[in-house]
Amino acid sequence: EALAAGKADMVAMIRAFVADPEQVNKARLGKADEIRPCIRCCICTGDDPHGCPKPLRCSVNPIAGRNLEFQSIPKAEVPKKVVIVGGGAGGMEAARWLAQRGHHPVLFEREDHLGGTLIAAAACSLKTDVRRYLDWSVRMTEKTPGIDIRLNTTATRAVVEAEHPDAVILAVGSDPFVPPVPGFDRDNVVLATDVDQGKVSVGQRVVLIGAGLTGTETAVALAQEGHDVTLVDMLTLEQIDAKGQASNLIMGTLRGMQAKAGIQTVTGVKAHAVTDEGLTVEHADGALEVIPCDSVVLSMGVRPRQQ
(Lines give C-alpha, C1' and ligand atoms only; values in the text may rest on other atoms or scores of the structure.)
Protein backbone atom coordinates (compact mmCIF):
# COMPACT_ATOMS: atom_id res chain seq x y z
CA GLU A 1 0.00 0.00 0.00
CA ALA A 2 2.85 2.36 0.81
CA LEU A 3 4.42 1.77 -2.59
CA ALA A 4 1.11 2.05 -4.46
CA ALA A 5 0.25 5.30 -2.71
CA GLY A 6 3.64 6.80 -3.51
CA LYS A 7 4.55 7.12 0.14
CA ALA A 8 7.76 5.15 -0.42
CA ASP A 9 9.97 4.20 -3.35
CA MET A 10 11.35 1.13 -1.61
CA VAL A 11 10.56 -0.98 1.43
CA ALA A 12 13.49 -2.78 3.05
CA MET A 13 13.51 -5.44 5.74
CA ILE A 14 16.46 -7.26 7.26
CA ARG A 15 15.73 -9.77 10.00
CA ALA A 16 12.24 -10.49 8.72
CA PHE A 17 13.69 -11.69 5.40
CA VAL A 18 16.21 -13.90 7.19
CA ALA A 19 13.36 -15.58 9.06
CA ASP A 20 11.28 -16.02 5.89
CA PRO A 21 12.72 -14.97 2.51
CA GLU A 22 9.36 -15.76 0.87
CA GLN A 23 7.29 -13.50 3.06
CA VAL A 24 6.51 -10.92 0.36
CA ASN A 25 5.35 -13.62 -2.06
CA LYS A 26 3.26 -15.23 0.67
CA ALA A 27 1.62 -11.90 1.49
CA ARG A 28 1.00 -11.17 -2.20
CA LEU A 29 -0.69 -14.55 -2.62
CA GLY A 30 -2.93 -14.07 0.41
CA LYS A 31 -0.94 -16.48 2.56
CA ALA A 32 0.17 -14.06 5.26
CA ASP A 33 -0.70 -16.63 7.95
CA GLU A 34 2.11 -18.83 6.58
CA ILE A 35 4.85 -16.20 7.03
CA ARG A 36 7.39 -17.51 9.55
CA PRO A 37 7.63 -14.77 12.23
CA CYS A 38 10.92 -13.21 13.24
CA ILE A 39 11.33 -13.32 17.02
CA ARG A 40 13.85 -10.44 17.02
CA CYS A 41 16.49 -12.43 18.91
CA CYS A 42 19.32 -10.80 16.88
CA ILE A 43 21.10 -14.12 16.34
CA CYS A 44 21.35 -13.18 12.65
CA THR A 45 22.76 -9.67 13.07
CA GLY A 46 24.66 -10.25 16.29
CA ASP A 47 25.40 -7.16 18.35
CA ASP A 48 25.47 -4.88 15.31
CA PRO A 49 22.00 -4.34 13.82
CA HIS A 50 23.72 -3.48 10.54
CA GLY A 51 26.24 -6.29 10.70
CA CYS A 52 26.27 -9.82 9.41
CA PRO A 53 28.12 -12.44 11.45
CA LYS A 54 29.55 -15.46 9.67
CA PRO A 55 28.12 -17.95 9.38
CA LEU A 56 24.65 -16.42 9.26
CA ARG A 57 22.16 -18.26 11.44
CA CYS A 58 18.50 -17.85 12.42
CA SER A 59 16.67 -19.20 15.47
CA VAL A 60 13.48 -19.98 13.51
CA ASN A 61 14.80 -20.71 10.01
CA PRO A 62 17.30 -23.62 9.92
CA ILE A 63 18.12 -23.00 6.24
CA ALA A 64 19.35 -19.43 6.79
CA GLY A 65 23.08 -19.35 6.08
CA ARG A 66 22.89 -22.79 4.49
CA ASN A 67 21.09 -21.71 1.32
CA LEU A 68 23.59 -23.29 -1.07
CA GLU A 69 23.05 -26.66 0.60
CA PHE A 70 19.28 -26.37 0.25
CA GLN A 71 18.76 -24.70 -3.13
CA SER A 72 16.34 -27.52 -3.80
CA ILE A 73 14.72 -29.91 -1.38
CA PRO A 74 14.00 -33.06 -3.38
CA LYS A 75 11.43 -35.66 -2.43
CA ALA A 76 12.85 -38.71 -0.72
CA GLU A 77 13.57 -41.58 -3.10
CA VAL A 78 12.39 -44.02 -0.43
CA PRO A 79 9.68 -42.55 1.83
CA LYS A 80 10.07 -43.71 5.40
CA LYS A 81 7.83 -43.82 8.44
CA VAL A 82 9.31 -41.73 11.22
CA VAL A 83 8.00 -41.56 14.78
CA ILE A 84 8.63 -38.22 16.50
CA VAL A 85 8.33 -38.13 20.28
CA GLY A 86 7.45 -34.64 21.48
CA GLY A 87 5.29 -31.92 19.95
CA GLY A 88 7.38 -28.93 20.90
CA ALA A 89 9.45 -26.65 18.68
CA GLY A 90 11.91 -29.35 17.56
CA GLY A 91 9.33 -32.07 17.05
CA MET A 92 7.06 -29.84 14.99
CA GLU A 93 9.95 -28.58 12.87
CA ALA A 94 11.08 -32.14 12.18
CA ALA A 95 7.55 -33.22 11.27
CA ARG A 96 7.08 -30.38 8.78
CA TRP A 97 10.37 -31.04 6.98
CA LEU A 98 9.78 -34.80 6.88
CA ALA A 99 6.33 -34.31 5.37
CA GLN A 100 7.69 -31.84 2.83
CA ARG A 101 10.18 -34.45 1.64
CA GLY A 102 7.48 -37.08 1.30
CA HIS A 103 8.14 -39.11 4.44
CA HIS A 104 5.38 -40.23 6.81
CA PRO A 105 5.88 -38.59 10.21
CA VAL A 106 3.87 -39.76 13.21
CA LEU A 107 4.03 -37.14 15.97
CA PHE A 108 3.34 -38.29 19.54
CA GLU A 109 2.49 -35.64 22.14
CA ARG A 110 1.41 -36.61 25.64
CA GLU A 111 -0.51 -33.36 26.23
CA ASP A 112 -3.77 -32.44 24.51
CA HIS A 113 -2.06 -29.70 22.50
CA LEU A 114 1.12 -28.98 20.57
CA GLY A 115 3.69 -26.41 21.63
CA GLY A 116 5.81 -27.99 24.36
CA THR A 117 8.03 -25.57 26.25
CA LEU A 118 7.38 -22.93 23.60
CA ILE A 119 4.16 -22.29 25.50
CA ALA A 120 6.05 -21.35 28.64
CA ALA A 121 8.66 -19.43 26.64
CA ALA A 122 5.92 -17.32 25.05
CA ALA A 123 3.90 -16.72 28.21
CA CYS A 124 5.83 -13.78 29.69
CA SER A 125 4.29 -10.42 28.80
CA LEU A 126 7.60 -9.39 27.20
CA LYS A 127 7.58 -12.31 24.74
CA THR A 128 4.91 -11.40 22.18
CA ASP A 129 7.24 -12.25 19.29
CA VAL A 130 7.79 -15.77 20.62
CA ARG A 131 4.02 -16.11 21.03
CA ARG A 132 3.58 -15.29 17.34
CA TYR A 133 6.14 -17.95 16.45
CA LEU A 134 4.41 -20.48 18.70
CA ASP A 135 1.07 -19.83 17.00
CA TRP A 136 2.69 -20.08 13.55
CA SER A 137 4.51 -23.32 14.37
CA VAL A 138 1.38 -25.04 15.68
CA ARG A 139 -0.75 -23.70 12.82
CA MET A 140 1.67 -24.84 10.12
CA THR A 141 2.15 -28.26 11.71
CA GLU A 142 -1.60 -28.84 11.87
CA LYS A 143 -2.17 -27.74 8.27
CA THR A 144 0.81 -29.52 6.67
CA PRO A 145 -0.50 -32.55 4.74
CA GLY A 146 0.92 -35.94 5.68
CA ILE A 147 1.62 -35.37 9.39
CA ASP A 148 -0.12 -37.88 11.66
CA ILE A 149 -0.57 -36.00 14.95
CA ARG A 150 -1.38 -38.14 18.01
CA LEU A 151 -2.26 -35.97 21.01
CA ASN A 152 -2.88 -37.32 24.52
CA THR A 153 -0.46 -40.13 23.68
CA THR A 154 2.49 -41.15 25.84
CA ALA A 155 5.17 -42.67 23.62
CA THR A 156 5.94 -45.82 25.55
CA ARG A 157 8.19 -48.44 23.99
CA ALA A 158 5.17 -50.57 23.12
CA VAL A 159 3.36 -47.64 21.49
CA VAL A 160 6.38 -46.74 19.37
CA GLU A 161 7.15 -50.33 18.37
CA ALA A 162 3.55 -50.84 17.31
CA GLU A 163 4.11 -48.29 14.53
CA HIS A 164 7.05 -50.28 13.10
CA PRO A 165 8.93 -47.06 12.26
CA ASP A 166 12.03 -46.83 10.10
CA ALA A 167 13.41 -44.18 12.43
CA VAL A 168 12.59 -42.46 15.72
CA ILE A 169 13.30 -38.82 16.59
CA LEU A 170 13.35 -37.88 20.28
CA ALA A 171 12.33 -34.26 20.83
CA VAL A 172 11.24 -34.52 24.44
CA GLY A 173 12.61 -31.17 25.61
CA SER A 174 13.82 -30.33 29.10
CA ASP A 175 12.73 -29.90 32.71
CA PRO A 176 13.48 -27.03 35.11
CA PHE A 177 16.54 -27.56 37.30
CA VAL A 178 15.67 -27.37 40.98
CA PRO A 179 18.62 -28.13 43.31
CA PRO A 180 18.05 -29.74 46.75
CA VAL A 181 18.05 -26.52 48.78
CA PRO A 182 16.21 -26.61 52.13
CA GLY A 183 12.85 -24.91 51.80
CA PHE A 184 12.54 -25.18 48.03
CA ASP A 185 9.56 -27.47 48.67
CA ARG A 186 7.58 -24.74 50.44
CA ASP A 187 4.32 -23.49 48.96
CA ASN A 188 5.71 -20.00 48.40
CA VAL A 189 8.55 -21.30 46.19
CA VAL A 190 7.44 -21.44 42.55
CA LEU A 191 8.88 -21.71 39.05
CA ALA A 192 9.30 -18.65 36.82
CA THR A 193 7.58 -20.48 33.96
CA ASP A 194 4.53 -21.11 36.17
CA VAL A 195 4.45 -17.42 37.12
CA ASP A 196 4.64 -16.43 33.44
CA GLN A 197 1.76 -18.75 32.57
CA GLY A 198 -0.42 -17.51 35.40
CA LYS A 199 -0.50 -20.93 37.06
CA VAL A 200 0.62 -19.49 40.40
CA SER A 201 0.47 -16.14 42.15
CA VAL A 202 3.21 -14.41 44.15
CA GLY A 203 3.26 -11.99 47.04
CA GLN A 204 4.28 -8.35 47.03
CA ARG A 205 7.95 -8.99 47.89
CA VAL A 206 9.56 -11.40 45.45
CA VAL A 207 13.07 -12.84 45.33
CA LEU A 208 13.86 -14.39 41.95
CA ILE A 209 16.82 -16.78 41.81
CA GLY A 210 18.52 -16.81 38.42
CA ALA A 211 19.50 -13.58 36.69
CA GLY A 212 19.85 -15.01 33.20
CA LEU A 213 17.64 -14.14 30.24
CA THR A 214 14.50 -16.00 31.38
CA GLY A 215 14.73 -15.02 35.04
CA THR A 216 15.35 -11.37 34.27
CA GLU A 217 12.41 -11.26 31.87
CA THR A 218 10.11 -12.63 34.56
CA ALA A 219 11.59 -10.22 37.11
CA VAL A 220 10.97 -7.24 34.84
CA ALA A 221 7.40 -8.35 34.14
CA LEU A 222 6.69 -8.73 37.88
CA ALA A 223 8.25 -5.36 38.66
CA GLN A 224 6.16 -3.73 35.94
CA GLU A 225 3.09 -5.22 37.63
CA GLY A 226 4.05 -3.47 40.88
CA HIS A 227 5.90 -6.18 42.81
CA ASP A 228 9.06 -5.45 44.79
CA VAL A 229 11.61 -7.70 43.10
CA THR A 230 15.12 -8.73 44.10
CA LEU A 231 17.18 -10.69 41.57
CA VAL A 232 19.74 -13.14 43.00
CA ASP A 233 22.53 -15.11 41.30
CA MET A 234 25.85 -16.80 42.04
CA LEU A 235 27.53 -14.96 39.17
CA THR A 236 27.83 -11.28 38.40
CA LEU A 237 25.60 -9.83 35.69
CA GLU A 238 28.67 -9.40 33.48
CA GLN A 239 29.56 -13.08 33.84
CA ILE A 240 25.98 -14.15 33.15
CA ASP A 241 25.67 -12.03 30.02
CA ALA A 242 29.08 -13.12 28.70
CA LYS A 243 28.26 -16.84 28.90
CA GLY A 244 24.63 -16.60 27.78
CA GLN A 245 23.25 -17.33 24.33
CA ALA A 246 21.53 -13.97 23.87
CA SER A 247 23.34 -11.18 22.06
CA ASN A 248 24.81 -8.22 23.95
CA LEU A 249 22.24 -6.05 22.21
CA ILE A 250 19.36 -8.04 23.67
CA MET A 251 20.87 -8.34 27.14
CA GLY A 252 21.83 -4.68 27.18
CA THR A 253 18.24 -3.73 26.41
CA LEU A 254 16.92 -6.11 29.09
CA ARG A 255 19.37 -4.83 31.72
CA GLY A 256 18.17 -1.31 30.95
CA MET A 257 14.58 -2.42 31.52
CA GLN A 258 15.69 -4.12 34.73
CA ALA A 259 17.21 -0.90 36.07
CA LYS A 260 14.22 1.21 34.99
CA ALA A 261 11.85 -1.19 36.77
CA GLY A 262 13.73 -0.65 40.05
CA ILE A 263 14.78 -4.27 40.51
CA GLN A 264 17.32 -4.84 43.28
CA THR A 265 20.22 -7.14 42.40
CA VAL A 266 22.30 -9.34 44.70
CA THR A 267 25.07 -11.29 42.95
CA GLY A 268 27.94 -13.49 44.07
CA VAL A 269 25.71 -15.44 46.47
CA LYS A 270 24.08 -18.85 46.46
CA ALA A 271 20.76 -19.93 47.87
CA HIS A 272 21.17 -21.45 51.34
CA ALA A 273 17.58 -21.97 52.52
CA VAL A 274 14.04 -20.64 52.36
CA THR A 275 12.48 -19.91 55.75
CA ASP A 276 9.49 -18.06 57.16
CA GLU A 277 11.54 -14.85 56.96
CA GLY A 278 12.55 -15.20 53.32
CA LEU A 279 15.54 -16.42 51.34
CA THR A 280 18.82 -16.98 53.17
CA VAL A 281 21.82 -16.55 50.88
CA GLU A 282 25.46 -17.43 51.45
CA HIS A 283 28.22 -15.04 50.41
CA ALA A 284 31.61 -16.14 49.12
CA ASP A 285 33.14 -15.72 52.58
CA GLY A 286 30.52 -17.99 54.13
CA ALA A 287 28.49 -15.21 55.71
CA LEU A 288 24.72 -15.69 55.68
CA GLU A 289 22.19 -12.99 54.86
CA VAL A 290 18.40 -13.08 54.91
CA ILE A 291 16.54 -11.35 52.10
CA PRO A 292 12.98 -10.84 53.37
CA CYS A 293 10.29 -11.85 50.90
CA ASP A 294 6.82 -13.30 50.50
CA SER A 295 7.63 -15.50 47.51
CA VAL A 296 10.69 -17.11 45.94
CA VAL A 297 10.69 -17.65 42.18
CA LEU A 298 13.13 -20.11 40.59
CA SER A 299 14.76 -19.68 37.20
CA MET A 300 17.87 -21.80 37.54
CA GLY A 301 18.12 -23.31 34.10
CA VAL A 302 16.93 -26.58 32.63
CA ARG A 303 18.20 -30.12 32.20
CA PRO A 304 17.48 -32.51 29.29
CA ARG A 305 14.42 -34.62 29.96
CA GLN A 306 15.48 -38.21 30.49
CA GLN A 307 12.10 -39.91 30.18
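Quick notes on the rules
Residues numbered from 1 in each chain as written. Predicted model: local features only at pLDDT ≥ 70, side-chain atom pairs only at ≥ 80, totals over all residues. Heavy atoms only, no water. Pairing = 2+ DSSP bridges. Helix = DSSP H or I, 4+ residues; strand = E, 2+ residues; numbered from the N terminus. Axes fitted to C-alpha atoms, helices over the stretch in contact; angles between N-to-C directions. Contact = heavy atoms within 4.5 Å.

### Quick look at the sheet that holds strand E8 (residues 228–233)
Next up, step 1: Strand order in the open sheet formed by five strands is E6-E13-E7-E8-E9, with parallel pairing between adjacent strands. Pairing within the sheet leaves two strands with one partner each, and these edge strands are strand E6 (189–191) and strand E9 (264–267). Across the sheet, the axes of successive neighbouring strands diverge by a mean angle of 25 degrees, strand direction being ignored.
Next up, step 2: Alignment of E6 against strand E13 (residues 295–298), held across three bridges, turns out to be parallel. Bridge pairing in E13 links Leu191 to Leu298.
Next up, step 3: Strands strand E7 (205–209) and E8 of the sheet are contacted by helix H8 (residues 213–224), whose axis makes an angle of about 165 degrees with E8.

### Details of the sheet that holds strand E10 (residues 269–274)
Next up, step 1: The antiparallel open sheet is built from three strands, whose spatial order is E10-E11-E12. At either end of the open sheet lies a strand with only one pairing partner, and these are E10 and strand E12 (288–292). The average angle at which neighbouring strand axes cross in this sheet is 35 degrees, direction not considered.
Next up, step 2: For E10 and strand E11 (residues 278–283), the ladder comprises five bridges, and the chain directions are antiparallel. Each residue of the ladder has a partner; that of Val269, found in E11, is His283.

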